[in-house]
Every structure is written in structure tokens, then in C-alpha cells.
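Each chain, letter by letter, is given below.
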Amino acid sequence: ESQRRAAETQGKDRLFSPMHISEVLKLPDRQTEWIVDRLIPNGSISVLSGYPASFKTWIIIHMAKCISSGEPLFGHFKTTKSNVLMIDEENQVHLLKPRLALMGATDQSNIHIATMGKFKLDNPLDMKQLREFCLKHEVKFISFDSLVRVHSKDENDARQIAQVFESLKDLQKDGITTLLTHHHR
């Protein structure tokens with residue numbers, strides 16, 4: 001285990017070093033930390049999926065407002081106050097503005113918004129700029145609306161979609177939680 005961690009922190013090739021179950025069982029218990037209590041763990045990759053026009057964007061806006069202020073989500077689920085980035089490739093900013101106001105977001109909210117910028121998770125330059133922005137602005141929660149719009153892969157090919165999700169792992173290592181919306185067919 002210590003060899004594996006040392007290799008990772010030094011940027012060397014990772015070592016294949018499975019742990020025996022006896023080692024796993026000796027590890028100290030670790031409490032799950034939540035960005036949204038019992039719903040979204042810190043540093044996770046989550047998906048909010050629903051039919052078109054089923055209020056996914058409204059939920060994302062409410063979630064962003066609650067996380068940015070530390071208010072309970074839906075008045076019930078505790079949140080960890082964090083800076084938020086919303087990447088919306090479906091709605092222009094002039095459509096989001098009234099929704100944000102209706103949900104109670106103010107200019108004091110710690111929310112950053114990027115819309116219609118042709119952002120792609122599978123574009124290394126986009127991911128480099130995203131990671132730099134998040135580190136600079138201490139963003140700990142990113143929403144992507146919607147999955148189909150933030151990649152250029154074939155959604156019917158599991159290997160290609162796995163590559164899209166692989167790009168989110170560097171954000172996970174930085175402790176950044178990501179939530180993607182997805183449309184049911």
C-alpha cells in the first residue's frame with residue numbers, strides 16, 4: 001500500500017499491488033463525507049437522470065444555490081457549503097437568469113456559470129482549463145447539463161462513455177464532486 005501511494009504521489013507509473021483481504025479489514029473505518037447528506041458523497045461522480053422537461057435543470061439550480069450557501073437541499077438534506085460551477089450546454093444564460101432569481105440565488109451566491117461554450121469532457125484542453133478554474137476558485141461542486149452535450153463520443157458504446165467518465169477522475173482526486181444530468185429515452 002505504501003509503495004502504491006508513493007508511486008502515485010511521485011507521478012510514477014502506478015503499481016499493480018492488490019491488497020489481501022486481511023489488509024483491507026485492518027484499514028481504519030472512514031466516515032463518508034457528503035456534499036449533500038445521504039445523497040451525494042464528496043468527490044463523487046453522480047448522474048441525475050430523467051425524461052426531457054422533467055425539471056432536472058431546476059433541481060440543479062436549487063442544488064447549486066443550497067450548496068453555495070450551505071442551506072439544506074429541499075429544506076431537508078444538509079449540504080456542505082462549497083463554491084459551485086454550473087456548466088450548462090443546453091440553456092443560454094438569459095434562460096437561466098430568471099430561474100436563478102426565482103430559486104433565490106443572488107450576486108452573493110458562490111456560483112459560477114458557463115453556458116453554451118461547447119465544453120467537452122473528452123477535450124484535454126477543456127479539462128485542463130476546468131481543473132485550473134476549479135482550483136483557483138476553490139470550486140468543490142460542478143454540475144454538467146447535460147451529459148449528451150458535454151462529450152463527442154458515441155453514447156451507445158460503453159467503452160467510449162467509460163473514456164468520458166475517466167476524464168472526471170482527476171477532478172475526483174482533487175476532491176471535486178461532479179453531477180451530470182442525463183435524458184431518459
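Cut-offs and rules
- Throughout, a residue's number is its position along its own chain's written sequence, starting from 1.
- Local features in this predicted model are restricted to residues of pLDDT 70 or higher, and side-chain atom pairs are both shown and tallied only at a pLDDT of 80 or more, whereas totals for entire chains, interfaces and linings draw on every residue.
- As a rule here, side-chain values come from all non-hydrogen atoms in the structure, and water together with hydrogens is ignored.
- Secondary structure follows DSSP: runs of H or I at least 4 residues long count as helices, runs of E at least 2 residues long count as strands, and numbering of each begins at the N terminus.
- The size measure is the radius of gyration over C-alpha atoms, and the globule rule it meets is 2.2 Å times the number of residues to the 0.38 power.
- Burial here depends on accessible area, computed with a 1.4 Å probe over protein chains only, as a share of the maximum for the residue type. Under 20% is buried, over 50% is exposed, and the range in between is partly exposed.
- Here a residue-residue contact requires only that any non-hydrogen atoms of the pair lie within 4.5 Å.
- All accessibility values rest on the Shrake-Rupley procedure with a 1.4 Å probe; residue burial counts only the protein chains present in the view.
- Positive: Lys, Arg. Negative: Asp, Glu. His and the chain ends are not part of the count.
- Every charge is mapped onto a representative atom, which is NZ of Lys, CZ of Arg, CG of Asp or CD of Glu.
- Put simply, buried Ala, Val, Leu, Ile, Met, Phe, Trp, Tyr and Cys residues joined by side-chain atoms within 4.5 Å make one nonpolar core.
- Here a patch means residues that are over 30% exposed by relative accessible area and free of salt bridges, tied together within 9 Å if like-charged and within 5 Å if nonpolar (Val, Leu, Ile, Met, Phe, Trp, Tyr).
- Put simply, a salt bridge is a Lys or Arg side-chain nitrogen that is within 4 Å of an Asp or Glu carboxyl oxygen.
- Paired strands, in this sense, are two strands between which DSSP finds at least two bridges.
- Only the contacting stretch of a helix is used when fitting its axis, a line to C-alpha atoms as for every element, and angles between N-to-C directions run 0 to 180 degrees.

Overview of the overall build of the protein chain
In step 1: Within the protein chain one finds seven helices and seven strands.
In step 2: Taken against the 2.2 N^0.38 rule, which gives 16 Å for 185 residues, the C-alpha radius of gyration of the protein chain at 18 Å falls within 12% of a compact globule.
In step 3: Taken along its principal axes, the extent of the C-alpha atoms in the protein chain is 55 × 35 × 35 Å.
In step 4: The proportion of buried residues among the 185 residues of the protein chain is 35%.
In step 5: For the protein chain, long-range pairs separated by at least 24 residues make up 70% of all intrachain contacts whose partners lie at least 6 apart in sequence.
In step 6: Counting every atom, the protein chain has about 11,800 Å² of accessible surface; 52% of that belongs to carbon and sulfur.
In step 7: Taking the average location of the 25 positive side-chain charges in the protein chain and that of its 23 negative ones, the two points are 1 Å from each other.

Details of the nonpolar core
In step 1: Core analysis: the biggest nonpolar cluster contains 19 residues, and Val36, Met63, Ile67, Val84, Met86 and Phe141 have the highest contact counts within it.
In step 2: Looking at this core, the elements with two or more residues in it are β1 (34–36), α3 (56–69), β4 (83–88) and α4 (93–102).
In step 3: Excluding its chain neighbours within four sequence positions, the residues that come into contact with Val36 are Ile67, Leu73, Phe77, Lys78 and Thr79.
In step 4: Ranked by size, the runner-up nonpolar core spans 17 residues in total, among them Leu130, Phe144, Leu168 and Ile176.

Brief notes about a nonpolar patch on the surface
In step 1: Taken together, the side chains of Ile21, Val24, Leu25 and Leu27 present a nonpolar region at the surface, about 390 Å² in accessible area.
In step 2: Within the element layout of this structure, Val24 appears in helix α2 (residues 21–26).

Things to note about the sheet that holds β4
In step 1: The strand order across the open sheet formed by five strands is β3-β7-β6-β4-β5, and the pairing between neighbours is parallel. This sheet does not close on itself; its edge strands, each paired only once, are β3 (45–50) and β5 (111–115). The sheet shows a mean angle of 15 degrees between the axes of neighbouring strands, taken without regard to direction.
In step 2: Contacts from α4 reach β4 and β5 within the one sheet, and its direction differs from that of β5 by about 150 degrees.

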